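Residues per chain, in single letters:
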Amino acid sequence: MAQTRGDVRTGERRMGRVISDITVSADGYAAGPNQSEQRPFGDDGGDGSGSELHAWMFDDADDNRAEIDKVADAGAFIMGRNMFGPLRGEWDRPWNGWWGDDPPFHAPVFVLTHHAREPQPMEGGTTYHFVTDGIESALAQARAAAGDRNVSVQGGATTINQYLAAGLLDELRLHIVPLTLGAGTRVFEGVPPLKLEQLTSRSTSRVTHVTYAVLAG
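Computed from a predicted model, the values in this text were never measured in an experiment.

In this structure, Gly100 sits in the loop between helix H3 (81-84) and strand S4 (108-112). The exposure class assigned to Gly100 is partly exposed, which follows from its relative accessible area of 37%. For the pair formed by Gly100 and Glu123, sequence separation is 23 residues and the distance between their alpha carbons is 9.2 Å.

See the structure below:
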């Protein structure tokens, strides 16, 4: 587990945790197969927009307010290019994410990619930084930007799996919805065995929230 928060007794600088929130189906999928620009969540049991998977955030926001607030509570964010958008290869047309001119992050966001691009500032305090030298570099940059606040690895599942496999996540928050997809992009796919400690769990009408500490492989 990547725990580098420091010691207040010695005056060493404390750093936040590396956390991840992700919504998954009951069989562990964060998105279905056949993802596209028109259907970013693929065959997801709905219209491809994730409306079924993420109904707990939008249709039942009041019941899940505590968990929704925690998703956004970070000093910096990391995401894979697949979460940022549908473009592959070189940046051959303008694309600034799925979230419009004022994304919900309001903090630096570090996007993993193989293709360099200049930082993209947005309204509301979000700036996208494009990282071409791997997950550890992205984490180091995110930690520097976050200071003593948490760093959130937003996803998608493939990116979270890379951080889990590398032992770089402190805490994993799964939001499990009562549907199955049967195929797609799955959390823990290709991740070596882990030891997890369940910290909290809570159920509402559309979702079960489970928080795990990631102890070790």
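As a further point, take the nonpolar core. Ile22, Ile78, Tyr163 and Leu169 are the most contacted members of the largest nonpolar core, which has 29 residues in total. Among the elements of the structure, strand S1 (18-25), strand S3 (76-80), S4, helix H4 (135-146), strand S7 (151-155), helix H5 (157-165), strand S8 (171-177) and strand S11 (208-216) are those that each provide at least two residues to this core. In terms of residues, this core owes the most to one element, H4, which gives five residues. In this structure, Ile22 is in contact with Ala30, Gly156, Ala157, Ile160, Arg173, Leu174, His175 and Val187, ignoring residues within four places of it in sequence. Counting residues in hydrophobic clusters, the runner-up holds 14 residues, among them Phe84, Trp95, Phe105 and Met122.

An ideal rise of 1.5 Å per residue puts 16 Å on twelve residues; H4 measures up with 16 Å between its terminal C-alpha atoms. Taken together, the buried positions of H4 are Ile135, Ser137, Ala138, Leu139, Ala142, Arg143 and Ala146. Just downstream of H4 lies Gly147, where phi reads positive at about 65°.

Okay, the environment of Asp101 next. Within the secondary structure layout, Asp101 lies in the loop between H3 and S4. In this structure the C-alpha to C-alpha distance between Asp101 and Gln141, which are 40 residues apart in sequence, comes to 23 Å. The contact partners of Asp101, leaving out residues within four places of it in the chain, are Met122 and Glu123.

A separate point is the pairing of S11. Note: S8 against S11, six bridges, orientation antiparallel. Directly across from Ile176, in S11, lies its bridge partner Thr208. Inspection of the sheet shows strand S10 (residues 195-203) paired to S11 by eight bridges, in the antiparallel sense. Bridge assignment links Leu196 to a residue of S11, and that residue is Val214.

Another aspect to go through is the side chain of Asp44. Examined against the element boundaries, Asp44 turns out to sit in the loop between strand S2 (29-31) and helix H1 (55-58). Lacking a salt bridge, the buried Asp44 has Arg39 as its closest oppositely charged neighbour, with an N-O distance of 4.3 Å. A polar side-chain atom of Asp44 sits 3.0 Å from the main-chain amide nitrogen of Gly48. With residues up to four places along the chain from it excluded, the contact list for Asp44 reads Arg39, Ser49, Gly50, Ser51, Glu52, Leu53 and Leu181.

Moving on: the sheet that holds S7. Spatially, nine strands are ordered S5-S6-S4-S3-S7-S1-S8-S11-S10 in an open sheet, and the strand pairing comes out mixed. Whereas interior strands pair on both sides, the edge strands pair on one side only; in this sheet they are strand S5 (120-121) and S10. Taken strand by strand, H4 contacts S1, S3, S4, strand S6 (127-131) and S7, and its axis lies near 175° from that of S4. Set on the sheet, H5 makes contact with S1, S3, S4, S7, S8 and S11; between it and S7 the angle comes to about 135°.

About the criteria used
Residues numbered from 1 in each chain as written. Predicted model: local features only at pLDDT ≥ 70, side-chain atom pairs only at ≥ 80, totals over all residues. Heavy atoms only, no water. Helix = DSSP H or I, 4+ residues; strand = E, 2+ residues; numbered from the N terminus. Buried < 20%, exposed > 50% of the residue type's maximum accessible area, 1.4 Å probe, protein only. Core = buried A, V, L, I, M, F, W, Y, C linked by side-chain atoms within 4.5 Å. Contact = heavy atoms within 4.5 Å. Expected span 1.5 Å × (residues − 1). Pairing = 2+ DSSP bridges. Lys, Arg positive; Asp, Glu negative; His and termini not counted. Salt bridge = Lys/Arg side-chain N within 4 Å of Asp/Glu carboxyl O. Polar contact = N/O pair within 3.5 Å; in protein donor to acceptor, adjacent residues only side chain to side chain. Axes fitted to C-alpha atoms, helices over the stretch in contact; angles between N-to-C directions.

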